[in-house]
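Chain by chain, the residues:
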Amino acid sequence: LTEAGYASHFIGKWHVGMASRSRSMPTSRGFESSLGYFHSRNDYYNETRSQGCDGLLATDLWSDGKPAHGLNGTVYEEIIFGNRAQQIIKDHAGRYGPATRDNPMFLYYAFHTSCVGTDERLQPERKHYERFSFIKDEDRRANNAMIALMDEIVGNISRTLQDQGMWNDTLILWSSDNGGAVHLHGGANSWPLRGGYFSNWEGGIRAPALLSGGFLPQTLHNRTVSGFIHIADWYATFCHLAGKSPHDRRAEESLPKLPGIDSKNVWPLIIGMNETSPRMEWPLTPFGEDPARAPHGGDDAAYMAEGRYKLLVGQIRQSGWCGQIHPNLTKPWDSFNTVEACTVPEKGKIGCLFDVLEDPGEHHDLAIEMPQKAKEIFQKMKEAEKLWFNPDRGSPDPKACVIASETGFWQPFLP
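Residues numbered from 1 in each chain as written. Predicted model: local features only at pLDDT ≥ 70, side-chain atom pairs only at ≥ 80, totals over all residues. Heavy atoms only, no water.

### Re helix α1 (residues 77-96)
Between its first and last C-alpha atoms α1 spans 29 Å; for 20 residues at 1.5 Å apiece the expected length is 28 Å, and the two agree. Within α1, burial applies to Glu77, Glu78, Ile80, Phe81, Gly82, Ala85, Gln86, Ile88, Ile89, His92 and Ala93. Buried-residue contacts for α1 involve β1 (7-13), β2 (33-37), β7 (105-110) and α3 (138-163). The first or second residue beyond α1 is Gly97, which carries a positive phi of 55 degrees. (Helix = DSSP H or I, 4+ residues; strand = E, 2+ residues; numbered from the N terminus. Expected span 1.5 Å × (residues − 1). Buried < 20%, exposed > 50% of the residue type's maximum accessible area, 1.4 Å probe, protein only. Contact = heavy atoms within 4.5 Å.)

### Remarks on the side chain of Thr59
In this structure, Thr59 sits in strand β4 (residues 57-59). A relative accessible area of 9% means that Thr59 is categorised as buried. When sequence neighbours within four positions are dropped, the list of residues in contact with Thr59 reads Asn46, Glu47, Thr48, Asn72, Gly408, Phe409 and Trp410.

### Observations regarding the packing of aromatic side chains
For the structure shown, the criterion picks out 18 aromatic pairs. Relative to Phe31, the ring of Trp14 has its centre 6.3 Å away and its plane inclined at 85 degrees; by these criteria the two rings are edge-to-face. Here Trp14, found in the loop between β1 and β2, pairs with Phe31, found in the loop between β1 and β2; they are 17 residues apart in sequence, far enough to count as distant. Each member of the pair, Trp14 as well as Phe31, carries the same accessibility label: buried. With 5.6 Å between their ring centres and 45 degrees between their planes, Phe38 and Trp62 make a pair best called tilted. A residue pair is termed long-range when its members are at least 10 positions apart, and Phe38 in the loop between β2 and β3 (48-50) and Trp62 in strand β5 (residues 62-63) qualify at 24 residues. Through a chain of ring-to-ring contacts, three or more aromatic side chains come together here, namely Phe10, Trp14, Phe31, Phe106, Tyr108, Trp234 and Phe238. The aromatic ring of Tyr129 is capped on one face by Arg141, whose charged end is 3.7 Å from the ring centroid. The side chain of Arg194 reaches across the aromatic face of Trp201, ending 4.0 Å from its centre. (Phe/Tyr/Trp six-rings, centres within 6.5 Å; stacked < 30°, edge-to-face > 60°. Lys NZ or Arg CZ within 6 Å of the ring centre and 35° of its normal.)

### A short note on the sheet that holds β1
Spatially, the five strands line up as an open sheet ordered β6-β5-β2-β1-β7, and their pairing is mixed. Two strands lie at the open edges of the sheet, namely β6 (66-67) and β7, each paired on one side alone. Pairing geometry for β2 and β5, over two bridges, is antiparallel. Within β5, the position partnered with Gly36 by the bridge is Trp62. (Pairing = 2+ DSSP bridges.)

### Focus on the pattern of salt bridges
Under the defined criterion, the tally for this structure stands at 20 salt bridges. For Arg41, the salt bridge goes to Glu120, with nearest N and O atoms at 3.1 Å. Taken as a pair, Arg41 in the loop between β2 and β3 and Glu120 in the loop between β7 and α2 (126-131) lie far apart in primary sequence, 79 residues in all. Between Glu202 and Arg206 there is a salt bridge; the shortest N-O distance is 2.8 Å. The exposure class assigned to Glu202 is buried, which follows from its relative accessible area of 3%. (Salt bridge = Lys/Arg side-chain N within 4 Å of Asp/Glu carboxyl O.)

### Brief notes about the state of the cysteines
This structure, assessed with the given rule, holds two disulfides. One disulfide in the model links Cys53 with Cys401; its S-S distance is 2.0 Å. The S-S bond linking Cys53 to Cys401 shows a torsion near -80 degrees; that makes this disulfide left-handed. You can see Cys53 sitting in the loop between β3 and β4 and its partner Cys401 sitting in helix α9 (residues 398-407), a full 348 residues away along the chain. What makes Cys53 partly exposed here is its relative accessible area of 21%. What pairs with Cys342 in a disulfide is Cys352, and their sulfur atoms sit 2.1 Å apart. Across the S-S bond linking Cys342 and Cys352, the dihedral sits near -100 degrees, which makes this disulfide left-handed. Of the two residues, Cys342 sits in the loop between β13 (340-341) and β14 (352-355) while Cys352 sits in strand β14, which places them 10 residues apart along the sequence. (Disulfide = S-S within 2.5 Å.)

### Looking at the environment of Phe132
Topologically, Phe132 is positioned in the loop between α2 and α3. Relative accessible area serves as the criterion here: at 12%, Phe132 is assigned to the buried category. Sequence separation between Phe132 and Ala142 is 10 residues, and the spatial gap between their C-alpha atoms is 8.1 Å. Sequence-distant contacts of Phe132, defined by excluding residues within four places in its chain, comprise Arg141, Asn144, Ala145 and Ala148.

### What to know about unusual backbone geometry
Following Thr113, the chain continues to Ser114 via a peptide bond in cis, the omega torsion being 10 degrees. With respect to the secondary-structure elements, Ser114 resides in the loop between β7 and α2. In this model, Trp191 is joined to Pro192 through a cis peptide bond whose omega is 5 degrees. Locating Pro192 in the fold gives a position in the loop between β8 (172-175) and α4 (202-205). Backbone geometry places His15, a non-glycine residue, at a positive phi of 60 degrees. By the secondary structure assignment, His15 is in the loop between β1 and β2. Owing to a relative accessible area of 44%, His15 belongs among the partly exposed residues under this scheme. At Asn222, a residue that is not glycine, the phi angle is positive and equals roughly 60 degrees. Examined against the element boundaries, Asn222 turns out to sit in the loop between β9 (209-212) and α5 (233-242).

### Describing the pairing of β1
Regular strands show a simple pattern: their side chains alternate between the two faces of the sheet. In terms of burial, β1 is a largely internal element, seven of the seven residues being buried. With six bridges connecting them, β1 and β7 associate as parallel partners. Residue pairing for β7: Ser8 is matched across the bridge by Phe106. Sheet topology places β1 next to β2; five bridges connect them, and they run parallel. Along β2, the bridge assignment pairs Lys13 with Tyr37.

Structure (structure tokens):
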């Protein structure tokens with residue numbers, strides 16, 4: 001999008017590397033400005049994070065090319081991010097005035113809320129937490145409070161776009177990257193779907209998304225798109241809208257060589273030009289993708305095929321369902337201890353097979369009724385495994401600990 005003339009800005013959760021100043025930072029990956037944190041989580045009130053290094057506690061908040069001195073510890077982190085988003089919009093409008101249409105902007109805001117803060121627990125902003133005192137379960141109350149703050153910030157950003165005269169040319173995508181955290185202390189609910197975050201059940205991978213903004217044609221308002229859209233498909237879709245090819249030449253020329261992009265342009269589906277989605281098949285998790293997932297997601301692999309069938313292979317955790325009110329005060333559900341033995345070699349059962357169009361709640365396992373279909377999809381899983389890019393990333397580098405200890409901030413430790 002930068003090549004297409006967009007001023008690009010990043011806010012929030014980065015979580016795709018911080019080792020190299022010239023290669024890992026948002027501002028070295030095409031963003032004009034950035035404000036966010038590097039790890040999967042940090043403390044919402046002081047932005048600290050302990051990550052290895054013998055328990056070293058350092059601040060994880062980075063602004064453009066430097067530690068965010070003066071911002072950390074001031075107010076609740078999501079409020080810092082929300083204020084920055086509004087300021088970016090105001091600055092862009094002030095810089096270009098009526099000519100903003102000829103000087104477009106791309107803003108990627110990866111919310112921290114409602115993810116966990118420190119100690120793998122939800123950490124709601126206190127004022128919003130008090131608003132939900134009528135909810136007795138503490139985790140559900142915290143989750144509601146954090147979602148309410150997210151809603152408030154999205155509203156503030158929308159009003160700022162309108163106030164600055166930019167709304168009519170704006171397309172807003174709101175999307176989650178996973179299903180609800182139904183495990184203990186997650187506070188979310190994936191009913192009526194099965195499982196949740198950390199699993200390949202529909203409750204873990206089927207997530208809500210919406211498009212809004214003045215750019216969206218009036219005929220598309222209040223319309224539901226039911227075709228499959230993978231979160232990776234927004235890359236090719238945005239490139240299409242910006243008039244740029246999604247082809248990644250640098251990736252093709254890299255060593256080790258990267259596979260081609262998987263993203264598909266879904267704009268014709270969204271606007272009703274096509275009735276079916278170009279996204280019909282995709283691998284969800286490869287065999288042995290990440291041993292660290294085993295305590296959470298289980299020893300599993302999964303693949304979506306033919307726009308309807310999903311095969312899950314292995315011992316799949318979180319195999320139960322939430323009730324309409326979850327979590328509640330009856331009996332806590334430790335979802336990681338509910339395991340479905342999808343692969344049963346002695347019975348000749350490769351995995352669990354579901355038609356997620358007819359059975360989105362995944363109640364009816366078709367593997368015994370359709371063994372040939374299960375075998376076909378299993379072979380597709382094996383073929384897809386050959387294309388997974390998972391190089392040897394080496395061992396932890398102690399230089400990361402040294403620089404964090406010396407400066408008090410997590411930050412790049414390589415040129």
